[in-house]
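Commentary on secondary and tertiary structure
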2 protein chains.
Amino acid sequence: MKPMHNPPHPGEILRELCFEPLGLTVTEAAAALGVSRKTLSAILNGRAGITAEMALRLGKAFDTTPESWLHHQIQHDLWVVRRSKKKLQVRKLAA
Amino acid sequence: MKPMHNPPHPGEILRELCFEPLGLTVTEAAAALGVSRKTLSAILNGRAGITAEMALRLGKAFDTTPESWLHHQIQHDLWVVRRSKKKLQVRKLAA
DNA sequence: ACCGACTGTAACCTCAAAGGTTACAGTCGT
DNA sequence: ACGACTGTAACCTTTGAGGTTACAGTCGGT
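A quick note: this is a predicted structure, and the numbers were derived from the prediction, not measured. (Residues numbered from 1 in each chain as written. Chains lettered and ligands numbered in written order. Predicted model: local features only at pLDDT ≥ 70, side-chain atom pairs only at ≥ 80, totals over all residues. Heavy atoms only, no water.)

**Considerations on unusual backbone geometry**
Where we set the bar: A run of H or I in DSSP counts as a helix once it spans at least four residues, and a run of E counts as a strand once it spans at least two, with each numbered from the N terminus.
With a phi close to 55°, Asp63 of chain A is a non-glycine residue in the positive phi region. Counting through the fold element by element, Asp63 of chain A comes out in the loop between helix 4 (52-62) and helix 5 (66-82).

Right, here's the structure in full:
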């Protein structure tokens, strides 16, 4: 199994795949998405995650699937928990 | 693409695919997973969602991919927001 | 050099969800 | 009747999203 280097947080992907190509500003995009500038900024800078509602907003605005944004999010979430040395004490129940 | 009727909450899937086949009790499974009985009960009865950490626990215990549990979760989350009537005010930014 | 637009972010608030412990009532098999 | 299992209520803590307001910094255009 591969090393799985830092899966980028979804905000990074958002910036590279949507904002830069379209030359969007945070201010105008926040208004279009119907959220505050702070909220969008937090996502773009990796200080907040993508919620189901936000995924739907992104899907509408950029004509993408909400699932794709949430998929990036869970990959990042899993990576965060895995690298947080806290060993999960789990006993096998099957297989 | 069909309306996508109630995607079951992940707890329902957990119960049908893991608990019933193995004849597991909530009490013993909670202990094996390293969480409280309350926490597992809440998930099994759809009163709590699957977090990244819980997905990792389930993956270890049942030898499944954590991603699959989180995938079920986001499908359910999206369904909940979609059926919540609250119209998201979003302006298209692309496509 | 100044001004306006954009940006990050801090401070402050509310709301909600996860998870823990304890305790209680109900069900079910022996 | 008793013990095991279950759902769940009450109560607490922590965390994260999201909002508003305000401030300081950057940058382009005039």
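**Looking at the protein's contact with DNA strand D**
Let me state the cut-off plainly: Nearness is defined per residue: one heavy atom within 4 Å of the molecule or strand is enough. Two N or O atoms form a polar contact when they lie within 3.5 Å of each other; inside protein one atom must be a possible hydrogen donor and the other a possible acceptor, and for residues adjacent in sequence the pair counts only when both atoms belong to side chains. In this classification, the charged set is Asp, Glu, Lys and Arg, the nonpolar set is Ala, Val, Leu, Ile, Met, Phe, Trp, Tyr, Cys and Pro, and all remaining amino acids, among them Gly, are polar.
Contacts to DNA strand D come from 18 residues, most closely from Lys38, Thr39 and Gly49 of chain A together with Val26 and Thr27 of chain B. Within the side chain of Ser36 of chain A, an N or O atom sits 2.8 Å from a phosphate oxygen of DNA strand D. The contact in question runs from a phosphate oxygen of DNA strand D to an N or O atom on the side chain of Thr39 of chain A, over 2.3 Å. Taken together, the elements giving at least two residues each to the surface near DNA strand D come down to helix 3 (37-44) of chain A together with helix 2 (26-33) and helix 3 (37-44) of chain B. No other element matches helix 3 of chain A, which puts three residues into the surface near DNA strand D. In terms of residue class, the surface near DNA strand D is built from three nonpolar, nine polar and six charged.

**Quick look at the interface of chain B and chain A**
In plain terms, the rule: For this analysis, residues touch if any pair of their heavy atoms sits within 4.5 Å. Using a 1.4 Å probe, buried area is obtained as the accessible area two parts lose upon being combined, added over both of them.
Counting residues at the interface gives 36 residues for chain B and 36 residues for chain A. Both sides together, the interface formed by chain B and chain A hides about 3300 Å², and carbon and sulfur atoms give 67% of it. Among the residues chain B hides against chain A, the three largest losses belong to Lys60, Leu88 and Leu93 of chain B. Together they make up 19% of the total. The tally of links from chain B across to chain A stands at ten residue pairs in polar contact (both at pLDDT 80 or more).

**Observations regarding helix 4 of chain A**
Our working definition: Accessibility here uses a 1.4 Å probe with only protein chains present; expressed as a share of the type maximum, an area under 20% marks a residue as buried, one over 50% as exposed, and anything in between as partly exposed.
Counting buried residues in helix 4 of chain A gives nine out of eleven residues, a clear majority hidden from the surface. Against helix 1 (10-22), helix 2 (26-33), helix 3 and helix 5 of chain A together with helix 5 (66-82) of chain B lie the buried residues of helix 4 of chain A. Taken from the residues just after helix 4 of chain A, Asp63 of chain A is the one with a positive phi, measuring 55°.

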